[in-house]
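Each chain, letter by letter, is given below.
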Amino acid sequence: MEKIRERFKQNKPSCESVRLRKRSSILYSTDINKPQTLQIFGVSLTVFSVVFRLLNCVLLQTSFVPDEYWQSLEIPHRMILNIFLTYGYETWEWKAGIRGYSYPLLFALMYKLLHLMNYDTVYLLVFVPRVFQALLAAYADVKLYHLVLQWETPDVAKWTYFCQLCSWFTWFCCTRTLTNTMETVLTTLALCFFPLPGSKTHHSWKYLSLVSLAVVVRPTALIVWLPLLFYHFCVEQNKLKLITQRCVPIAALALAVSTLIDSVFYGKWILVQWNFLKFNVLHNVAVFYGSHPWHWYFTQGLPVVIGPHLPLFLHGCSLATKKHRILLITILWTTAVYSLLAHKEFWFVYPVLPFCMIFSGMSLAKLQAWRKPAAAALLLFNLIPALYTGLIHQRGSLDVMHDLQHLCDPSDSQSSPELLFLMPCHSTPLYSHLHCPLKLRFLECPPDLTGNKEYVDEADVFFSNPLHWLQTSFPSQSTLPSHIVLFDCLEKEISSFLEENRFARQAEIFHTHFPEGRVGRNILIYTREDLH
């Protein structure tokens, strides 16, 4: 043995001369656990997602709901810039203390930065917050892909990403400055760190922090997360540590910071989350803005939001295994809880849409012979509503504000122009899309918070008898506004007032192909002739 060992030492080659043959078998691969990198048109997934969502942002030129302005972009002017305090307006929700300042504070900081750099133009003040939202949406798209890649097969991950980008409702909402949009982004990111069955990306601190932030932005985010949090509690081995060292510290810190921010801007100690629960759930004040039957989310709301993905989503649900059950429960739970509330909106269930895209991706991955035709049909049937709702439907609300911007130029307008909006309340944004201290007035519609059963808001009073309201509100020529903005469906009813006071039509702006009730096809701008 000694002779053999000595002979081996003498003949041992140097390390540099040894070359091992590379084995092609996957059993010897060191990259087996590394996530596969998906490339689209020769660029990385991240780059493509960013470009796609920025294009999404540019091609979204319509309005959706008042909340995208009145709970975000309108607020920073009063918070930071302090140039609209004379004519500034706050909705009843802010007066009642049910809206938090944490989300608008993000835009307030952007506004302040643009203001300090002397770049606070109307275009940038509107576009920069939406670009920020688009970048967050792109990040959420990428994280959703990587979540499914770790949780399912690469094929399912690829098709889930495809479904997410195809979704017409995601296109329609993800770059808007809605609190529900931020809630959806944070929910998607939090899910990436949630301990899903078989997931390899579990991180309690990260996902609980994101959930807390989502609840701060919009308290209803807790509805989505209650079944998920309960599931985590049930499967967690060290339940006491989860509660005392994770949940309580993170939730307490988030609540303390948000309460401090809200109290500073409200000028008093206030707990917005409690006020939100009290007014919207206990007192059901939101029903003032409309109600729907209990089944609306199941028969209309969720099917419209899922859109052309619905057959794939249902097929994906039939393919679900035990590990997918918690996501199905979350979707059903969220839809059922929202169904208990009388006031319903499409965008309320938007946060569960990424969950639905996972099941749609599972369906496409399962299809073999029909996969390409199904993907092509999905793209086409989503593209049509995405482009129509993004470029055409309800664009007048923004176009009219662009048309009125010339009034902010002292050399191009009368001295101290005054605008009157005779439209359903909050039909348009205001100062966020003008950025100058014009005197504006519009019809208000705050709900009654005193219990008066005979209460009628200003908008209803006006539309019940427009001529009488105008004659009593403007008894003399000196009190008349310089401009009146209205939908064309009201024009005939107040034509005598317009003619008597020498108002002439200055502009007619397209709004929608589907006029309904007090909302017309076009928006009209009338100007007093003696001011030309």
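- An unreviewed UniProt entry lists the chain under the name Mannosyltransferase, with Cyprinus carpio given as the organism.
- UniProt, in its Subcellular location (unreviewed entry) section for the chain, records the words "Endoplasmic reticulum membrane".
- In the Sequence similarities (unreviewed entry) part of its UniProt record, the chain is described as follows: "Belongs to the glycosyltransferase 22 family."

### A word on the UniProt feature "transmembrane region" (unreviewed entry) in the chain
- In this structure's numbering, the residues bearing the UniProt feature "transmembrane region" (unreviewed entry) are residues 121-140, 207-230, 250-274, 294-314, 326-342, 348-367 and 374-392.
- As a span, residues 250-274 carries 80% helix and 0% strand, and end to end its C-alpha atoms are 18 Å apart.
- Taken end to end, residues 374-392 is 95% helix and 0% strand, and its first and last C-alpha atoms sit 27 Å apart.

### Re the environment of tyrosine 338
- Position of tyrosine 338 among the secondary structure elements: in helix α17 (residues 325-339).
- Of the residues examined, tyrosine 338 reaches a relative accessible area of 2% and is grouped as buried.
- Separated by 42 residues in sequence, tyrosine 338 and tryptophan 296 place their C-alpha atoms 9.8 Å apart.
- In this structure tyrosine 338 touches Thr220, Ile223, Tyr297, Lys344, Phe348 and Val349, once residues within four positions along its chain are discounted.

### Quick look at the packing of helix α16 (residues 310-319) against helix α18 (residues 353-366)
- Two elements in contact, α16 and α18, have axes whose closest approach is 7 Å; the angle formed by their N-to-C orientations is 80°. By the criterion of interaxial angle, the relationship of α16 to α18 is roughly perpendicular. Here Leu312, Phe313, His315, Gly316, Cys317 and Leu319 of α16 come into contact with α18, specifically with Cys356, Phe359, Ser360, Met362, Ser363, Leu364 and Lys366.
- Its residues assigned to classes, the contact of α16 with α18 comprises 8 nonpolar, 4 polar and 1 charged.

### Regarding α17
- The terminal C-alpha atoms of α17 lie 21 Å apart, and with 15 residues this matches the ideal 21 Å at 1.5 Å per residue to within 8%.
- Where α17 is concerned, the buried positions are Ile326, Leu327, Thr330, Ile331, Thr334, Thr335, Val337, Tyr338 and Ser339.
- Where the residues of α17 are buried, they touch α7 (122-151), α10 (179-191), α12 (221-235), α15 (296-306), α16 and α18.

### Side note on the packing of aromatic side chains
- Counted under the stated rule, the structure contains 31 aromatic pairs.
- Each ring, one from tyrosine 101 and one from phenylalanine 265, has its centre 5.3 Å from the other, and the planes form 25°; the classification is stacked. Of this pair, tyrosine 101 sits in the loop between α5 (92-95) and α6 (102-116) while phenylalanine 265 sits in helix α13 (residues 239-266), and the two are 164 residues apart along the sequence.
- Seen from their ring centres, tyrosine 103 and phenylalanine 107 are 4.9 Å apart, and the 80° between their planes marks the pair as edge-to-face. With tyrosine 103 and phenylalanine 107 both in helix α6 and 4 residues apart, this pair spans about one turn of that helix.
- Note on tyrosine 103: relative accessible area 2%, which makes it buried.
- Three or more aromatic residues joined by ring pairs make a cluster, and in this case those are Phe64, Trp168, Phe169, Phe172, Trp296, Tyr297, Tyr338, Phe346, Trp347, Phe348 and Tyr350.
- Directly above the ring of phenylalanine 172 sits arginine 176, whose terminal nitrogen or CZ lies 4.4 Å from the centroid.
- Its guanidinium or amino end placed over the ring of phenylalanine 233, lysine 239 lies 5.7 Å from that ring's centre, counting from NZ or CZ.

### Concerning the pattern of salt bridges
- Tallied over the entire structure, the rule returns 12 salt bridges.
- Here aspartate 460 makes a salt bridge to arginine 518, at a shortest N to O gap of 3.0 Å. A residue pair is termed long-range when its members are at least 10 positions apart, and aspartate 460 in helix α21 (residues 458-464) and arginine 518 in the loop between β6 (503-510) and β7 (522-528) qualify at 58 residues.
- Classification of arginine 518 by relative accessible area gives partly exposed; the value is 35%.
- The partner of glutamate 491 in a salt bridge is arginine 505, with the nearest N and O atoms 2.6 Å apart. Here glutamate 491, found in helix α23 (residues 488-491), pairs with arginine 505, found in strand β6; they are 14 residues apart in sequence, far enough to count as distant.
- The exposure class of glutamate 491 is buried, given its relative accessible area of 18%.
- Of the residues examined, arginine 505 reaches a relative accessible area of 41% and is grouped as partly exposed.
- Connected through salt bridges with shared partners, the residues Asp155, Lys158 and Arg371 form a single ionic network.

Criteria and cut-off values
Position labels on residues start from 1 in each chain and follow its written sequence. Where totals are concerned, whole chains, interfaces and linings use all residues; where local detail is concerned, this predicted model gives features only for residues with pLDDT of at least 70, and gives and counts side-chain atom pairs only at 80 or more. Side-chain figures throughout are based on the complete set of non-hydrogen atoms in the structure, without hydrogens or water. UniProt positions are given in the numbering used here, feature names are shortened, and annotations may be inferred rather than shown by experiment. A run of H or I in DSSP counts as a helix once it spans at least four residues, and a run of E counts as a strand once it spans at least two, with each numbered from the N terminus. To sort residues, take the accessible area from a 1.4 Å probe on protein chains only and compare it with the maximum for the residue type: under 20% means buried, over 50% means exposed, and anything in between is partly exposed. By the convention used here, residues are in contact when the closest approach between their heavy atoms is within 4.5 Å. Whenever a helix is involved, its axis is fitted only over the stretch in contact; in every case the axis is a line through C-alpha atoms, and angles between N-to-C directions fall within 0 to 180 degrees. Should an angle fall under 35 degrees it is taken as roughly parallel, and over 145 as roughly antiparallel, whereas 65 to 115 is taken as roughly perpendicular and any remaining angle as oblique. The nonpolar class holds Ala, Val, Leu, Ile, Met, Phe, Trp, Tyr, Cys and Pro. Asp, Glu, Lys and Arg form the charged class, and all remaining residues, Gly among them, are polar. Each helix should span, by expectation, one fewer than its residue count multiplied by 1.5 Å. Pairing of aromatic rings covers Phe, Tyr and Trp, the last through its six-membered ring, and needs centres within 6.5 Å; plane angles under 30 degrees mean stacked, over 60 mean edge-to-face, and all others mean tilted. Our definition puts a charge over a ring when NZ of Lys or CZ of Arg is within 6 Å of the ring centre and also within 35 degrees of the ring normal. A side-chain nitrogen of Lys or Arg and a carboxyl oxygen of Asp or Glu constitute a salt bridge if their distance falls within 4 Å.

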